[in-house]
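Each chain, written out:
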Amino acid sequence: MKPIRFKVAFILTLMVSGCSFFPPSLQKPQHPPTDDQKPYVIMLSMDGFRWDYASKVPTPNLDYVAANGVKAESMTPSFPTKTFPNHYSLATGLYPDHHGIIQNTFYANDLQAGYSIGNRDAVENGAFYGGEPIWVTADKQGMKTASYFWVGSEAPVQGMHPDIWKPYQHNFPFENRVDSVMAWLQLPENIRPHLITFYFHEPDGVGHREGPDSHQTEEMILRLDSLVGRILSGLKKLSIKDQVNLIIVSDHGMGPVSPNRVVFFEDYLKPAWIDTFLGGNPTYLLQPNPGFTDSVLNALSSVPHMKSWKKSAIPERLHYGTNPRIYDVVLVADSAWSLALHKGFTPGRYSGGTHGYDNANADMGAIFYALGPAFKSGYIQPKFSNVDVYGLVAKILGLQPAPYDGNLDDVRGMLKQP
Ligand code: AMP
Ligand code: ZN
Ligand code: ZN
């Protein structure tokens, strides 16, 4: 139906303009760009790449992107500052509270089912994922898409995957991911994706194990920068190089932790008060037994180095607490502190780094870099929220976005044609 309606509208427009008194040059129909002139967006996420990591070691390739494109001072992740909630916020422009991936691990009462990042059935079950990821928006508007791993791409969300997608394979080499993306950009035009999302699980892994300030993390930053170099030189060889916009983001940063800074919060609680704990350092969801929510909150209110909130009284700036999947009490450690349970406690797991804190913790800041025909050159983007990315990508690709939580006005300053 849609193309026919469009044709009728188009012919009517021509008829009207044909008998008008506009000068002849303005009577010519304005052709929309043909497919082979349309822009491309490829978006890479480097998990846990903290906003300031690139200043620790020489990063000539990221510097090239910044000098010839855009670099954000920092990009604010959504709360909780964990991997799955934030990748899906980047994809949908919605806060975790609104898209439903409210933690890496949670129980969905609505589905009577648990979700965790290691549970393939859950990760691939579209029922967990609310909102509209950018590849679904693109698909609905006739654009081809591809993904080399992105949270949500493995599930049929609204019944749709990207046109090309892969089941997550942690050990599939980063170089091969890049090379596949370059190969996809050389597919015949009728099947070539105009939107590609792809993912590296570093420097998150090394940041957890060794800490954000370790030399191992610095070495990983060097390696990741050289992979950015591989992307840049791959893009330069493409026939469509002048149409490709590269965006590089991360989902959150990384903060230092220590076994000397651990809060065993259950020491302050009576077992009879608690139904369930879920989560992982530094943030937990806690479901009290009926009638015990106030006892729990009173007991936790004086515990040092952590915050606890009743679900309905979480500070508004965190945009968290209305989703039915969130338990009645939310706990989060203060910066650089850890929350732990006695069961299974090993001090080694509390050294190095972690994330999941309040998104106002500066260590949680993420990166945003961009380069391509849509972007200004040498532009420093002030700090902005990661829920703005969905609308930005939609704008560059000429897509009508679904309703989302971000605001194009926060980011349009980075565009050549705002
Ligand atoms: P975390 O640091 O716990 O928030 O999560 C980071 C981990 O998420 C990484 O080490 C990845 O292995 C994992 N991860 C990222 N994407 C996926 C995916 N699509 N499926 C399963 N695991 C993933
Ligand atoms: Zn992450
Ligand atoms: Zn992590």
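Since the structure is predicted, the reported quantities are computational estimates derived from the model, not experimental observations.

## Some remarks on the coordination of the zinc ion (ligand 3)
Only Asp-204 (OD), Asp-204 (OD), His-208 (NE2) and His-355 (NE2) from the protein reach the zinc ion (ligand 3) as donors, at distances of 2.0 to 2.5 Å. Binding-site remark: the zinc ion (ligand 3) is held by donors from one chain whose sequence spacing is D-x3-H-x146-H. Between the zinc ion (ligand 3) and the zinc ion (ligand 2), a separation of 4.2 Å is found. Here Asp-204 is found in helix α9 (residues 204-210), whereas its partner His-355 is found in the loop between β16 (352-354) and β17 (368-371), with 151 residues between them in sequence. Assigned by exposure class, Asp-204 and His-355 land together as buried.

## A short note on helix α10 (residues 215-236)
With 22 residues, α10 extends 32 Å from end C-alpha to end C-alpha; this agrees with the ideal 32 Å at 1.5 Å per step. For α10, the complete set of buried residues consists of Thr-217, Met-220, Ile-221, Leu-224, Asp-225, Leu-227, Val-228, Gly-229, Ile-231, Leu-232, Gly-234 and Leu-235.

## A closer look at the domain arrangement of the protein
Assigned domains of the protein: these are domain 1 (35-255 + 361-414) and domain 2 (259-350). The gap between the C-alpha centroids of domain 1 and domain 2 is 30 Å. With 20 residues of domain 1 in contact, the opposing surface of domain 2 contributes 20 residues. Overall, the association of domain 1 and domain 2 removes approximately 1700 Å² of surface from exposure, summing both partners, and the carbon and sulfur fraction of that is 56%. Among the ionic pairs, Arg-325 bridges to Asp-110, the shortest N-O distance being 2.8 Å. On the surface where domain 1 and domain 2 come into contact, there are 10 residue pairs in polar contact (both at pLDDT 80 or more). Looking at the side of domain 1 that touches domain 2, the elements that each hand over two or more residues are α5 (96-99) and β4 (105-108). It is β4 that provides the largest number of residues to the side of domain 1 that touches domain 2, a total of 4 residues.

## Observations regarding unusual backbone geometry
Here the amide bond leading from Glu-202 into Pro-203 is cis, since omega sits at 10°, within 30 degrees of zero. Of note, Pro-203 is situated in the loop between β7 (195-200) and α9. The omega torsion of the bond from Asn-281 to Pro-282 falls at 5°, within 30 degrees of zero and hence cis. Along the chain, Pro-282 turns up in the loop between β11 (274-280) and β12 (283-288). For His-305, which is not a glycine, the phi torsion comes out positive at approximately 70°. Checked against the element boundaries, His-305 lands in the loop between α11 (293-301) and β13 (306-310). Residue His-305 is classed as partly exposed on the basis of its relative accessible area of 33%. Even without being a glycine, Ala-336 presents a positive backbone phi close to 75°. Mapped onto the fold, Ala-336 is located in the loop between β14 (329-333) and β15 (338-339).

## Observations concerning the sheet that holds β13
With antiparallel pairing, 4 strands are arranged side by side in an open sheet as β11-β12-β14-β13. The open sheet has two free edges, formed respectively by β11 and β13, since each of these has just one partner strand. The sheet shows a mean angle of 20° between the axes of neighbouring strands, taken without regard to direction. Sheet analysis places β11 next to β12, joined by 6 bridges and oriented antiparallel. Counterpart to Phe-277 in the pairing with β12 is Leu-286. Helix-sheet contacts for α11 involve β11, β12, β13 and β14, and the interaxial angle to β13 is about 160°.

## Topic: the coordination of the zinc ion (ligand 2)
Donor atoms from the polypeptide that bind the zinc ion (ligand 2) are Asp-47 (OD), Asp-47 (OD), Thr-83 (OG1), Asp-251 (OD) and His-252 (NE2), placed at 1.9 to 2.8 Å. Within one chain, the residues donating to the zinc ion (ligand 2) are spaced in sequence as D-x35-T-x167-D-H. For Thr-83, a relative accessible area of 8% corresponds to the buried category.

## As for the sheet that holds strand β1 (residues 40-46)
Taken together, the 7 strands give an open sheet; going across it, the order is β6-β7-β1-β8-β17-β2-β18, and neighbouring strands pair in mixed fashion. Each having just a single partner strand, β6 (145-148) and β18 (379-381) make up the two edges of the open sheet. Averaged over neighbouring strand pairs, the angle between their axes works out to 15° when direction is ignored. Relative to strand β8 (residues 244-249), β1 runs parallel, the two being bridged by 6 bridges. Of the residues in β8, the one forming a bridge with Val-41 is Asn-245. Those strands touched by helix α8 (residues 174-184) are β1, β6 and β7, and its axis lies near 175° from that of β7.

Quick notes on the rules
Residues numbered from 1 in each chain as written. Chains lettered and ligands numbered in written order. Predicted model: local features only at pLDDT ≥ 70, side-chain atom pairs only at ≥ 80, totals over all residues. Heavy atoms only, no water. Donors = N, O, S within 2.8 Å, 3.2 Å for Na, K, Ca; no water. Helix = DSSP H or I, 4+ residues; strand = E, 2+ residues; numbered from the N terminus. Buried < 20%, exposed > 50% of the residue type's maximum accessible area, 1.4 Å probe, protein only. Expected span 1.5 Å × (residues − 1). Domains from an automatic or database assignment. Contact = heavy atoms within 4.5 Å. Buried area = accessible area lost by both parts, 1.4 Å probe. Salt bridge = Lys/Arg side-chain N within 4 Å of Asp/Glu carboxyl O. Polar contact = N/O pair within 3.5 Å; in protein donor to acceptor, adjacent residues only side chain to side chain. Pairing = 2+ DSSP bridges. Axes fitted to C-alpha atoms, helices over the stretch in contact; angles between N-to-C directions.

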